[in-house]
Amino acid sequence: MRLETVILLSALLPLCLSHGWDPLAWLFHRHGQAQQFGFLRADTVGGVCPDECDCPPTFPIAMYCEGRGLTAVPSIPSHIKYLYLQNNAISAVPDAAMVNATSLVWLMLHHNQLTSDAIGKEAFLKLVGLERLFLHHNNLTSIPPNLPRSLRDLRLDHNRIEKVIPTDLEGMDNLTILHLHDNEVTDMATSLKALKSLTLLDISNNKLIKVPDALPEHLHQFYMEFNSIDSLPEGFLGGLAQLQYIRMSHNLLKDKGIPSNTFNITGLVELDLSFNKLERIPTVSTTLQHLYLQANQIKEFSLGSFCPVVDVTNFSRLQTLRLDGNEISQEDIPSESALCLRWASSIQI
């Protein structure tokens, strides 16, 4: 058997060397399993995988460079579609960094040290097929310019972005997910108006004092906790027929700042108004399933907020109701509540 193996290797050696490849190189390449794949990769069309990254032959359109201590964007072969650069120390994306990466679909740049000044104005311009761009946990003070209009998922949370202007998101008809939470945003103007496909918007933990204008009509989940909003515009949920989840906890909302029937809309599943300054339970739709009102200043259990009429056929679909941390007790719950709130598994007071 050993003799046959030696004969076979001896026969292959001249052929391998003629192509500039050492057939025994893999025996001495001991930097880990992923690194061994680098020697075995055959697809070098559009560029070679850089040494500091891994491009496994089992998934040749992906390039893994996460957690390598990189301080700059490595060269990117043009056939790469999925690029993982997170958890590094990359501080800049110059215009030339992505010039060859025209096939990218996913670009993960979160948990780096990027600043707005260090991102070229045309850095992302040629990524015409990019669908996911993760830039969260960096040091950005503004949204990078000329982002691809093809984006579907954009994550900019945990930065230091102060303002969002209409041109930042202009033309992003395909964007469905936008994470802007944990920034320093004070104003969004009408920047959301153009986002025709947006279904999830998270702008919680910013410095907003009012609800953004012109909310996208297909919004399904809307999160704006931990801001300084004290009032809501008249009919601000009008036209949002697909909206099911609203979270506005930890704001400064008062009764006088909420127009009547603001939350009395069919289709709403969850409403979180906890940790505000409400003294009354707002009127909600009988189709609402989860209502969070803990840690307010509510002084009365008004059954009419849930059921305008209480009888056998008219009742609330509420399953969860939290009223703990208010100025009412169990004794304040009227006896008719058992009929109105018959689906509620628990009422916390």
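Let us look at the structure shown here. The structure displayed is predicted, hence computed values, not measured ones. (Residues numbered from 1 in each chain as written. Predicted model: local features only at pLDDT ≥ 70, side-chain atom pairs only at ≥ 80, totals over all residues. Heavy atoms only, no water.)

### Notes on the state of the cysteines
Then comes step 1: According to the stated counting rule, one finds three disulfides in the structure shown.
Then comes step 2: The disulfide partner of C49 is C55, and the gap between their sulfur atoms is 2.1 Å. Residues C49 and C55 are joined through a disulfide that is right-handed, its torsion about the S-S bond being 80°.
Then comes step 3: Take C55: its relative accessible area is 6%, and that puts it in the buried class.
Then comes step 4: The disulfide partner of C53 is C65, and the S-S distance across this bridge is 2.1 Å. Between C53 and C65 the sulfur-sulfur dihedral comes to about 115°; the bridge is accordingly right-handed. A residue pair is termed long-range when its members are at least 10 positions apart, and C53 in the loop between α3 (33–40) and β1 (62–64) and C65 in the loop between β1 and β2 (82–84) qualify at 12 residues. The two residues C53 and C65 agree in class, both being buried.
Then comes step 5: Should the bonded cysteines of the protein chain be numbered as they appear in the sequence, the pairing reads 1-3, 2-4, 5-6. (Disulfide = S-S within 2.5 Å. Buried < 20%, exposed > 50% of the residue type's maximum accessible area, 1.4 Å probe, protein only. Helix = DSSP H or I, 4+ residues; strand = E, 2+ residues; numbered from the N terminus.)

### A closer look at the nonpolar core
Then comes step 1: Ranked by internal contacts, the top residues of the largest apolar core, which has 86 residues, are V93, M98, L107, F124, L178, F222 and F306.
Then comes step 2: In contact with V93, other than residues within four places in its own chain, are V73, M98, L109, L114, A118, I119, G120, A123 and F124.
Then comes step 3: Residues A62, Y84, V105 and M108 belong to the second largest nonpolar core, which totals six residues. (Core = buried A, V, L, I, M, F, W, Y, C linked by side-chain atoms within 4.5 Å. Contact = heavy atoms within 4.5 Å.)

### Notes on the side chain of N183
Then comes step 1: Positionally, N183 belongs in the loop between β6 (177–179) and β7 (200–202).
Then comes step 2: Look at N183 and you get buried, because its relative accessible area is 6%.
Then comes step 3: At 3.2 Å, the side chain of N183 and the backbone nitrogen of R160 are in polar contact.
Then comes step 4: Of the polar contacts made by the side chain of N183, one reaches the backbone oxygen of H181; its length is 3.3 Å. (Polar contact = N/O pair within 3.5 Å; in protein donor to acceptor, adjacent residues only side chain to side chain.)

### Some thoughts on the pattern of salt bridges
Then comes step 1: On inspection of all chains with the given rule, the structure shows eight salt bridges.
Then comes step 2: Note that D255 and R280 form a salt bridge whose closest N and O atoms lie 3.9 Å from each other. Pair noted here: D255 is in the loop between β9 (245–247) and β10 (270–272) and R280 is in the loop between β10 and β11 (290–292), with a separation of 25 residues, a long-range link.
Then comes step 3: Given a relative accessible area of 17%, D255 falls into the buried group.
Then comes step 4: The class for R280 is exposed, based on a relative accessible area of 53%.
Then comes step 5: Across the pair E327 and K299 runs a salt bridge whose closest N-O atoms are separated by 3.6 Å. With E327 in the loop between β12 (320–322) and α5 (337–340) and K299 in the loop between β11 and β12, this residue pair connects regions lying 28 residues apart in the sequence.
Then comes step 6: Under the relative-accessibility criterion, E327 is labelled partly exposed at 48%.
Then comes step 7: For K299, a relative accessible area of 44% translates into the label partly exposed.
Then comes step 8: Residues joined by salt bridges that share partners form a network here, namely R132, D153 and R155. (Salt bridge = Lys/Arg side-chain N within 4 Å of Asp/Glu carboxyl O.)

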